[in-house]
Structure formats: C-alpha cells, structure tokens
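Below are the chains, spelled out letter by letter.
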Amino acid sequence: MKKGLHIIDLKVKLHGHTIVALSTTVEPGEVLTIMGPSGSGKSTLLAALTGTLDPAFALTGRIILDDADISKRPPQARQIGLLFQDDLLFPHMTVGENLAFALPATVRPRALRLTRIEQALFGMDLDGFGRRNPATLSGGQRSRVALARCLISDPKALLLDEPFSRLDADLRDQIRNLTFNHAKARDLPVLLVTHDPADAVAAGGRILSPLGQNVRI
Amino acid sequence: MPVLLLVPILAGLLGAIWVAFDLAQGGNLVALRDLASWTGLPAALRLSLVTGLVATALSLCLTLLITATLLCSPAFAAVRRLLPPLLAMPHAAAALGMAFLLAPSGWIARILSPWATGWSQPPDLQILNDPWGMALTIGLTTKELPFLLLMTLAALPQCDAHKRMQLAATLGYGRVAGFWLTVTPVLYSQLRMPVYAVLAYAMTNVDMAMILGPTLPPTLAVQTARWMTDPDLSHRSLSAAAALAQLAATLVGFAGWIAAEHLATALRRCTIFRGLRLRKLDAPFRAVAMLGGLTVFALLVASLCGLTLWSVAGPWPFPGALPRSLTLTAWVRAAPGLASSTQTTALIASLSTGLALIFTFAALQAEFRIKARPLSAVWLYLPLILPQICFLPGIEHLLLAFDATGGIASVTATHLVFVLPYVWLGLAAPFRSWDARIATIAATLGASPTRIFWRLRLPMLLTPLLTAAAIGVAVSVGQYLPTLLIGGGRVTTLTTEALALASGGNRRLTAAYALLQSMVPALAFALAIAMPRFIVLRRKAGGQM
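Treat the numbers as computed from the prediction; the structure is a model and nothing was measured.

It is not clear to me how the overall build of chain B should be interpreted in this structure. Could you clarify?
For chain B, the count of helices and strands is 23 helices and zero strands. Taking 545 residues into account, the globule formula puts the C-alpha radius of gyration at 24 Å, and chain B, at 25 Å, falls close to it. Based on the C-alpha atoms only, the size of chain B along its principal axes is roughly 70 × 60 × 55 Å. Looking at chain B as a whole, 53% of its 545 residues qualify as buried. The contacts in chain B between residues at least 6 apart in sequence include a share of 81% that link residues at least 24 apart.

Quick question: what am I supposed to make of the overall build of chain A here?
Helix and strand content of chain A: six helices and nine strands. A compact globule built from 217 residues would reach a C-alpha radius of gyration of about 17 Å, and chain A, at 17 Å, matches this within 12%. Dimensions of chain A along its principal axes, counting C-alpha atoms only, are 50 × 40 × 30 Å. When each of the 217 residues of chain A is scored for burial, the buried share is 52%. Residue pairs at least 24 apart in sequence account for 69% of intrachain contacts in chain A once pairs closer than 6 positions are excluded. Only carbon and sulfur atoms are counted for the fraction: they give 51% of the accessible area of chain A, which is about 9,900 Å². Averaging the locations of the 26 positively and 22 negatively charged side chains of chain A gives two centres separated by 5 Å.

What exactly am I supposed to notice about the sheet that holds strand β1 (residues 5–14) of chain A here?
As a general point, the strands of a sheet are linked pairwise by backbone hydrogen bonds and lie either parallel or antiparallel. Residue and element names in this part refer to chain A. The four strands lie next to each other as β2-β1-β4-β5, forming an open sheet whose pairing is antiparallel. The open sheet terminates on both sides in strands that have one partner only, identified here as β2 (17–26) and β5 (68–69). Pairing geometry for β1 and strand β4 (residues 58–65), over seven bridges, is antiparallel. In the strand pairing of β4, V12 is matched with L59. In this fold helix α1 (residues 42–50) packs onto β1, β2 and β4, with an angle of close to 120° to the strand it touches most, β1.

Would you mind going over a nonpolar patch on the surface with me for this structure?
Residues B:L14, B:I17, B:W18 and B:L23 make up a contiguous nonpolar surface patch of roughly 390 Å² in combined accessible area. If you trace the backbone, B:W18 turns up in helix α1 (residues 2–20).

So what exactly am I meant to see when it comes to the interface of chain A and chain B here?
Size of an interface, as often reported, equals the accessible area lost when the parts are brought together. Facing 28 residues of chain A, the contacting portion of chain B comprises 26 residues. Summing both partners gives a buried area of about 2,500 Å² for chain A against chain B, and 64% of it is carried by carbon and sulfur. Sorting the residues of chain A by area buried against chain B places A:Q76, A:H92 and A:F101 first, and these three jointly supply 29% of that buried surface. Between chain A and chain B we count two salt bridges in total. Notably, a salt bridge pairs A:E97 with B:R269, separated by 2.6 Å at the nearest N-O pair. Applying the counting criterion to the chain A and chain B interface returns twelve residue pairs in polar contact (both at pLDDT 80 or more). Secondary structure elements with two or more residues in the side of chain A that touches chain B: β6 (80–83), α2 (95–102) and α3 (110–123) of chain A. When the residues that make up the side of chain A that touches chain B are grouped by side-chain class, the tally is 17 nonpolar, six polar and five charged.

Help me out: how do you make sense of the pattern of salt bridges in this one?
Pairing is possible between side chains that carry opposite charge, provided their charged atoms lie close to one another. Applying the stated criterion across every chain yields a total of 13 salt bridges over all chains. Salt-bridge contacts for A:R142 lead to A:D87; the nearest nitrogen and oxygen are separated by 2.9 Å. With a gap of 55 residues between them, A:R142 in helix α4 (residues 139–152) and A:D87 in the loop between β6 and α2 connect regions that are remote in the sequence. What makes A:D87 partly exposed here is its relative accessible area of 21%. Taking the shortest distance from any N to any O, the salt bridge between A:D196 and A:R172 comes out at 3.2 Å. Taken as a pair, A:D196 in the loop between β8 (190–194) and α6 (197–203) and A:R172 in helix α5 (residues 169–185) lie far apart in primary sequence, 24 residues in all. Residue classification places A:D196 among the buried residues on the basis of a relative accessible area of 18%. Counted as one network, the salt bridges with shared partners bring together A:D86, A:R166 and B:K163.

Explanation requested: empty space enclosed by the protein in the structure shown.
The gaps of empty space that remain are located by a probe, the size of a water molecule, rolled over the atoms. Residue and element names in this part refer to chain B. Per the stated rule, a full pass over the model turns up one cavity of 30 Å³ or more. Roughly 30 Å³ of volume is contained in the largest cavity. Every residue along the wall of the largest cavity is listed here: T345, A349, H415, S476, V477, Q479, T483, T493 and T495. Of the residues in the lining of the largest cavity, the class split is two nonpolar, seven polar and no charged.

Explain the packing of helix α12 (residues 235–274) of chain B against helix α16 (residues 388–401) of chain B here, please?
Pairs of packed helices are described in terms of their axes, by the angle between the two and the distance that separates them. All names here are of chain B. The N-to-C vectors of α12 and α16 enclose an angle of 145°; their axes lie 7 Å apart at closest approach. The handedness of the crossing between α12 and α16 is left-handed. Between α12 and α16, the residues in contact are R236, A243, Q246 and L247 and I389, C390, P393, E396, H397 and L400, respectively. The residue makeup of the contact of α12 with α16, split by class, is six nonpolar, two polar and two charged.

Looking at this structure, how should I read helix α3 (residues 41–70) of chain B?
One turn of the α-helix equals 3.6 residues, which is why residues spaced by three or four share an orientation. Residue and element names in this part refer to chain B. Its 30 residues give α3 an end-to-end C-alpha distance of 43 Å, which sits within 8% of 44 Å, the value for a rise of 1.5 Å per residue. With respect to burial, α3 is a largely interior element, 21 of its 30 residues being buried. C72 occupies a position one or two residues after α3 and carries a positive phi of about 65°.

Can you walk me through the packing of helix α14 (residues 329–369) of chain B against helix α19 (residues 449–460) of chain B in this structure?
All names here are of chain B. Relative orientation of the contacting elements α14 and α19 amounts to 120°, with a least axis distance of 13 Å. By the angle between their directions, the pair α14 and α19 is classed as oblique. Relative to α19, the crossing made by α14 is right-handed. Here F361, Q365, F368 and R369 of α14 lie close against α19, whose contacting residues are P449, F453, R457 and L458. Per-class residue counts for the contact of α14 with α19 are five nonpolar, one polar and two charged.

Help me understand the domain arrangement of chain A in this model?
Residues and elements named next belong to chain A. Along its sequence, chain A is carved into domain 1 (1–79 + 155–217) and domain 2 (90–154). When each unit is reduced to the centre of its C-alpha atoms, the spacing between domain 1 and domain 2 is 25 Å. If you look at the interface, domain 1 gives twelve residues, while domain 2 gives eleven residues. Roughly 920 Å² is buried in total at the junction of domain 1 and domain 2, and carbon and sulfur atoms are behind 71% of that figure. Summed over the shared surface of domain 1 and domain 2, the result is zero salt bridges. Counting across the domain 1 and domain 2 interface gives one residue pair in polar contact (both at pLDDT 80 or more). The biggest single contributor to the side of domain 1 that touches domain 2 is α5, with five residues. Residues belonging to the side of domain 1 that touches domain 2 are distributed by class as follows: seven nonpolar, three polar and two charged.

I keep staring at the sheet that holds β6(A) and nothing clicks. Help me out?
Residue and element names in this part refer to chain A. Strand order in the open sheet formed by five strands is β6-β7-β8-β3-β9, and the pairing between neighbours is parallel. Each end of this open sheet is capped by a strand with a single partner; those strands are β6 and β9 (207–208). Here strand β7 (residues 157–161) pairs with β8 via four bridges, running parallel. Among the inter-strand pairings, L159 is bridged to a residue of β8, identified as L191.

Each value, and the rule that gives it
- Residues numbered from 1 in each chain as written.
- Chains lettered and ligands numbered in written order.
- Predicted model: local features only at pLDDT ≥ 70, side-chain atom pairs only at ≥ 80, totals over all residues.
- Heavy atoms only, no water.
- Helix = DSSP H or I, 4+ residues; strand = E, 2+ residues; numbered from the N terminus.
- Rg over C-alpha atoms; globule rule 2.2 N^0.38 Å.
- Buried < 20%, exposed > 50% of the residue type's maximum accessible area, 1.4 Å probe, protein only.
- Contact = heavy atoms within 4.5 Å.
- Areas by Shrake-Rupley, 256 points an atom, 1.4 Å probe, with all protein chains shown as cover.
- Lys, Arg positive; Asp, Glu negative; His and termini not counted.
- Charge placed at Lys NZ, Arg CZ, Asp CG, Glu CD.
- Pairing = 2+ DSSP bridges.
- Axes fitted to C-alpha atoms, helices over the stretch in contact; angles between N-to-C directions.
- Patch = residues over 30% accessible without salt bridge, like charges linked within 9 Å, V, L, I, M, F, W, Y side chains within 5 Å.
- Salt bridge = Lys/Arg side-chain N within 4 Å of Asp/Glu carboxyl O.
- Buried area = accessible area lost by both parts, 1.4 Å probe.
- Polar contact = N/O pair within 3.5 Å; in protein donor to acceptor, adjacent residues only side chain to side chain.
- Nonpolar A, V, L, I, M, F, W, Y, C, P; charged D, E, K, R; others polar.
- 1 Å grid on protein atoms, 1.4 Å probe; cavity = no way out; pocket = protein on both sides within 12 Å on 5 of 7 lines; lining within 4 Å.
- Points joined across faces, edges and corners; volume = space filled by probe spheres on them.
- Left-handed = near helix turned anticlockwise from the far one by under 90°.
- Expected span 1.5 Å × (residues − 1).
- Parallel < 35°, antiparallel > 145°, perpendicular 65-115°, else oblique.
- Domains from an automatic or database assignment.

Below is the structure:
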C-alpha cells in the first residue's frame, strides 16, 4: 500500500438496504467529490469514515489511511480532520484556545504551542486574532479559524461536509480555494461531500455518488 | 408577576429580622447571643454546609458523567423514560424509604443477616443518622440526581452536543474529556439555576435531614425548625436568629460553590491550552458513571419496594429477609386518617397547581398579546434558591399577627410560591416556541384571540401543560416546612403526617403514609402521560371527517 485514503469495498446497509457502496482511493493532494441529493447517504459515508456511525447501520469493508487500517479504530484514533457546514467554533473559548484545543498535546512547551498557534493564524491572514472571541468574527474569518483549527490537529486526511454552503457566493470561492490550496500544500487526501455542483466543479477531481457511480455535471 | 413572588419572600425576611433583633422593643442582640451560646452551633453549621456542598457536587458530577458516557447511545432513551417515575417520589418518602433500607434493622441488614454478617439482632451501629452526615449526603445525592439529569436532558438540545462531541472525537479527544471541554460550558450555563436550587435545598432542607441526618447536633435547618415549632414561645426569637444565621451560611456555601466554579473553569482552560486528550479517563469514568447511576436507581427502587413491603408486613422479626405474613392491618387501621390527609393533600395540590397554571398562562398570554416584557427566569428561581427556612418563619409571624395561620388558604398561598416557578419553567419554553403563524392564519379565518387561545393554543400545548401540572402537584405534595409552619399544626397532609410518624417508630404506619405520599404525584404523572395519548387515539378513531 502507499499513502492516501484507501476505501476498500466499503458498504453500509440499513435494514438490508445498501446506502453506501464505495471502493476507491483518494491520492494525497487529490480531492474526491461525493455528490448526491440530501438523504442519499452522504452523511452516512462521513460517519462511517470518522467512526461515528450509528450502531443501527451494518458496516463492511476496510478503510486504510497511510498504510494503517483504521476501520476498527475509535474516532479519536483515526486522524481524520472534519469540517462541517457550520464552523462550530466553541463560543466559550477564544480563537487561540479553539486552536490550542486541536493542537496535539505532544507539542510542548508552552512557548512552542503559542508559536504554532500564531503561525497557524498567520497562515490564514488572521495574525493577532488569538485573543478574540469567536462571536466578534465575520463569517469568512470564522470559516478560516475553523480551517486553521482542523489543520493544526495534523490530520492525515480531510473530510469536508458541505463546508461552503452557508457562505455568500464571493466568500464561498475564496474559502474553497483556501481550503483546497492548504490541503494540496500538505498533500492531504480530501473527500468533499456536497450537493452543490459548483463545489464539485471547483474541486476539479472525480465525482462519485455514495453508491460509487460516476456523476456527470 | 415577579413582584407577586417577591412580596412574601421579602416580607418573610423582614419578619425574621424584626423578630430576631426584637425591633418591636427597640432592638437588641439577645436572640443572636442566645444562638451563639448554643454549643451545637459550629457542628450544625459545618454539617449543613458540608452535606449540602458534597451532595450537590456528587449529584452534578454523576449527572455529567452519565450524560457524557451515554450521550448518543440507545441506553439514554431508557434513562429518559425512567426519570419521571423516579422524580415523582417526594423527598420525605425517598428519605423514609432509604432509612428503612439503610438502618441497622433495615432491609439491607436483614437480607445480609445472619449468613453474611453473623448478626442475629440489629447491630449497634450508627449507619443511619451518622454524626458525619454520610447517610444524609447519600440520600440527598440519590434524590437530586434524577432531577439534575432531567434538567440536563431538557438543556442538551440547545448545546449542539452531538456535533461538538463528534468534532472533539475526530481531534482525538476521549469521550469524557470531549464532553467536559466542549459541551459542559454551554450546558452548565443552562443548568446553573437548577443546580443552585439543589444546592440551596441540600444545605437547608428539613425533611430529609430530619430522617437521615445526624441528631446531636442536627443540621442547623432541623434545629431551627425545632425551635420554631417549640411550644415555648421564647424560642421564637431564637429561631428567627437561627434563620438569619442559616441565610448567612447559605451565602457562604454559595460563595464556596462559585469559587469552585471559577477553579473548574481555570482547570478547563489550562487543559484546553495544553491540548490534553485524556483518553485514558474514559474507562474509569465510565465505570464510575455506571456504578453511581445504578446505585442511585437501585436505592430509589428498593426504597419504594421497602415502603410497600413494610406497609403490608405482618410479624417481621430481625434477621428475616421477608415478613412472615402479609396483612392490610396498617392500612385498615389508618384508613380514616389516611383518607382525610389524602383529601387535604390533593385539595392543596390541585388548588395551588390550578392557580399557578392560571397565573402562568395569563402572564404568557399577556407577553404574547400585548408584548409585555418577558419575565426573566432569575426572579422565578428566587423562591427556589433562597432557603425556605430563612423566610418562612417571618411569613408565619406576619400571618400570626393577622390571625391567618392554620387555614387551607394560607397554606395553599404559601405552596403557590414554590409551585409557580416550576409550573412556569415547564410551560414558558413550549408556549413561546409555539408557531405564531397558526394564530395568524386563524385570525385571517376570523377567529378571535380568545378563541385562538382556547381552541388552538391550549389544545396544542396539552402535553407540556399536563406535565407542568404534574410537576406542580409533585412540588406541592412534597412541601413539608411550609405546611407545618403556615398550617400551624392544624393542616395535616400526607407529608406532615409521614414525618410526624417517622419519629414514633411505627414503621408500618409510616410506610403507608409515605407510600400514599408518593402515589399522589405518581398518579398525576401517569395522567399527564396517558391523557394526551388517549386524546390522540380518540382523534384517530374519529378521523373519518
């Protein structure tokens, strides 16, 4: 096996109905788009990959991330970063604390942690925002903090759950490019789940349905 | 509305100050000096504070651990269904049930004897009423855990808990750590008032402390209540001084709690900054949550079973695990007294709950129709957070001055002070979140506001209305001190009777009263669950139109 996210014969069934059937590899730096209307199994696929699937679903197949079989691992040990539709910044933490929360505990001492957080904010054009309360940020700034928080946790793959659908049209392009560029720069395999054809086109990669069929736009 | 609740409380506090400092005679410190010279005072104060703080902390921590462990699991739905029957049990009944269970001659000792313990007669151990207040702490924790769990369940939907937990998990956090760092800050801000109510109750309650707490000295609240009900009138000013001391002690307790809150926040921030994932905590904490939750559940269920068994027990010599025979003698002998106490209890409960419903709907409807300013929940919590024992004696003195104690009306009015907040809290959120577009559509169809209220809003809010009413009944039935003091000993409810009998040592009779005391709110809850279902069934059956 080589690097990347290998989804091998992944099948999710509910009461005998197949909801997800996927067998593919997302190469480092590649963006694979999963497209389908709501209720088509997109969020089920994400839950299967993050390990948060409801026990009512039956899951078969394997998920290999960078040579390690993570199919049986708990969500905590999968090292898959997740970006939601809502930025889900923790309102009771400052911007800096939101990032510190995600930064691995092995990064020590205090000074190094602070530096890493500042660097991450700098990379998102948010230098000096560490002490800000998330509630005082604009929509675009919040999205960038959410992205920075996700990346600082050092994930080995990125899952995007319609992360751009709440943004205004011009902001959407900007955040989308920022996200894809950062992922590409880090050679991360990216799986984008969306119902918006514009997202799929901008991702510029393969487009599949949750059942593994090619989708044409 | 807020003024309505504040008047009796402020009057009560002023009354206590008036009597304690003997302001009628120009003011002096005799009562305070008398109180200070009571040798039991330091121990009583310490007991009140320690049992209250520890029991509140224990029940809150267990509640949070159970929630963190079970969140998003099917077992949580089961917990949700189990809660209402557990909550229906009044404090006094729960305490009596636990006393029957834990006492040296209690059910647990009987089941374990003589094969495991070697006891052929009740051991001379102070398991109950222990001088450290441990039995009281366990009792309080057991009774308050279901309440805090229910409040947590009500607050969780506003906390975005599932997504936060999922996010924390993908970042490598353990369940307990993820819950603690991302969900509790939001959850606790919603839970704060109920927790404060629990804290105030735990530090100052009389009913549970009388049964489970130490005796020499008892907690300050129990001693205050004794002085209050003492026929010797010279103890009146002493009891008022004790009530003020109780208020001061409660404030100290709250200060300690708030300091602990700050400490917890600092600890949380520190953990967040260091990014500690704390995954190793999950397994031990899961065990603690399970063990604690099951113990509480088992204690409450066994208490109820024990009460039932005692009330129908024939001869039951010590170490028998079960009575030799069953008999209804206790019930039959007590029937006249039981019937009249039940009547009084039900009358006061339905009157105070009915009035609370009318006030609540009137205020909410005013808020909706004439855009009156919404009522802040803090005012409503005041009667729940200020210890009853601090302002009830003052009210009693005032009512005595007008010769108005001892009547059903005064007792009902006092119950209303405690019933109203709970009814309001149960109804305000559903009432406010009702889809106002339905009213708009009805209005365009020509319906008057009155018609909209009676034909649309009220029927659509039937389920929360009935639940709030059941809670109101449970709160009213549980009131001991207000009934005792304001009733002047002439209004006998199941609660006052059960507690009066408890000291007499007739377990069969006490159990019958305590059991019936639990049945009244249980019936109310059962009706609240069954009635909406019945109405839906009828609607479906007649659904041809």
